[in-house]
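Below are the chains, spelled out letter by letter.
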Amino acid sequence: RESKLGSFFLVDMWNWVDLVNVSLFTASITQRAQFVYMVYDRPLIVPTNKYEPLLEEASAQQQVQVTINSFNILICIFRFFKFYMFQDRLSILTETFGFAYTDLYHFIIMFLVIFVGFAFLGFVLFGSTLTGFSSMGLSVQTMWEMMLNEFDFAPMSRLNGLMASLLFWVFVFLVTIVLINVLLAILIDAYTKATASIGEPLSVGD
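Residues numbered from 1 in each chain as written. Predicted model: local features only at pLDDT ≥ 70, side-chain atom pairs only at ≥ 80, totals over all residues. Heavy atoms only, no water.

1. Section: the overall build of the protein chain
To keep it simple, the criterion reads: Segments assigned H or I by DSSP are reported as helices when at least four residues long, segments assigned E as strands when at least two residues long, and all are numbered from the N terminus. Any residue under 20% of the maximum accessible area for its type is buried, any over 50% is exposed, and the rest in between are partly exposed; the area is computed with a 1.4 Å probe on protein chains only.
From N to C terminus, the protein chain includes seven helices and zero strands. Listing the helices and strands of the protein chain from first to last along the sequence gives α-α-α-α-α-α-α. Taken along the three principal axes of its C-alpha coordinates, the protein chain extends 65 × 60 × 40 Å. The 206 residues of the protein chain split such that 25% are buried.

Encoded structure:
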């Protein structure tokens, strides 16, 4: 029986979310305690012209704590969906992603292959001259901005008008129009199934 309970605990995704949340809280508290101990154990006398490594150590440790807390905030936001499950209308988003799960991860694979492919093309074409394509990471960010219509086409056009136009229009059509609409279709279909699974429409007080 204990084995079955343990297996059930490991299978439930929300238990893993809770475990990560508690672990990050513990890590954050531990980091804070170490930071306070380090500062009080090695007091710094100011002003001074002497280089003190304590400042860099304290700054690095505080940055680690800020990073841990930032991730934990995201986990806490995600945990709200667990508590929405007690009411049908509040859990509609969770149910929608549940119905769309299989199609979504296939879509994400397809999207990443196409998106990263265009980012690599931009890196090869313009990486040596444009800052936005000077590294693969920056190229991915630039293509993401292009997808959101926050992009300056003129510098690309001046360097290589033909390839810039080809890259821009094919990317806009394939990613911004086709793939985004495929994503919407997947979510709309899943939302329809989720609302149908609820049954009769509920009143505001239900």
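Having put the structure on the table, let's press on.
2. Remarks on the nonpolar core
The cut-off we apply is this: Note on terminology: a nonpolar core comprises buried Ala, Val, Leu, Ile, Met, Phe, Trp, Tyr and Cys residues joined through side-chain atoms within 4.5 Å. The contact rule is simple, with two residues in contact once any of their heavy atoms fall within 4.5 Å.
Ranked by size, the top nonpolar core spans 23 residues in total, and within it Phe111, Phe126, Met143, Met156 and Phe171 carry the most contacts. Mapped onto this core, the elements with two or more residues apiece are helix H4 (92-126), helix H5 (136-147) and helix H7 (161-198). With nine residues, the single largest contributor to this core is H7. In contact with Phe126, not counting residues within four places along its chain, are Phe133, Met156, Leu159, Asn160, Ala164 and Leu167.

3. A closer look at the packing of aromatic side chains
Heads up, the condition is: Working definition: a ring pair exists when centres of Phe, Tyr or Trp rings (six-membered ring for Trp) sit within 6.5 Å. Plane angles under 30 degrees give stacked, over 60 give edge-to-face, the rest tilted.
Counted under the stated rule, the structure contains 10 aromatic pairs. Seen in terms of ring centroids, Phe115 and Trp144 are 6.0 Å apart; in terms of plane orientation they differ by 75°. Their pairing is edge-to-face. With a gap of 29 residues between them, Phe115 in helix H4 and Trp144 in helix H5 connect regions that are remote in the sequence. In this structure Phe115 comes out as buried when scored by relative accessible area, which is 4%. Taking 6.4 Å as the distance between ring centres and 40° as the angle between the ring planes, the aromatic pair formed by Phe120 and Phe123 counts as tilted. Here Phe120 pairs with Phe123, and both are found in helix H4, just three residues apart, close to one helical turn. Among the residues examined, Phe120 registers a relative accessible area of 48% and is labelled partly exposed. Ring-pair connections join several aromatic residues into one group, and the members of that group are Phe107, Phe111, Phe115, Phe118, Trp144 and Phe171.

4. Section: a nonpolar patch on the surface
Short version of the rule: Patches were defined on residues exceeding 30% relative accessible area and lacking a salt bridge, with like-charge contacts within 9 Å and nonpolar side-chain contacts (Val, Leu, Ile, Met, Phe, Trp, Tyr) within 5 Å. A 1.4 Å probe and the Shrake-Rupley method give the accessible areas. Residues count as covered only by the protein chains that appear here. Salt bridge, as used here: a side-chain nitrogen of Lys or Arg that lies within 4 Å of a carboxyl oxygen of Asp or Glu.
A contiguous nonpolar patch, built from Phe71, Ile73, Leu74, Ile77, Phe80, Phe83, Tyr84, Phe86 and Leu90 and spanning about 970 Å² of accessible area, is present on the exposed surface. Residue position: Phe80 is located in helix H3 (residues 53-83). Residue class for Phe80 comes out partly exposed when judged on its relative accessible area of 46%.

5. Topic: the environment of Met147
Mapped onto the elements of the fold, Met147 is located in helix H5. The buried category is assigned to Met147, whose relative accessible area is 11%. Taking the C-alpha atoms as reference points, Met147 and Ser70, 77 residues apart in sequence, are found 26 Å from one another. In this structure, Met147 is in contact with Phe111, Phe171, Val175, Thr176 and Ile180, ignoring residues within four places of it in sequence.

From the geometry alone we can't say anything about function, so treat these as descriptive.
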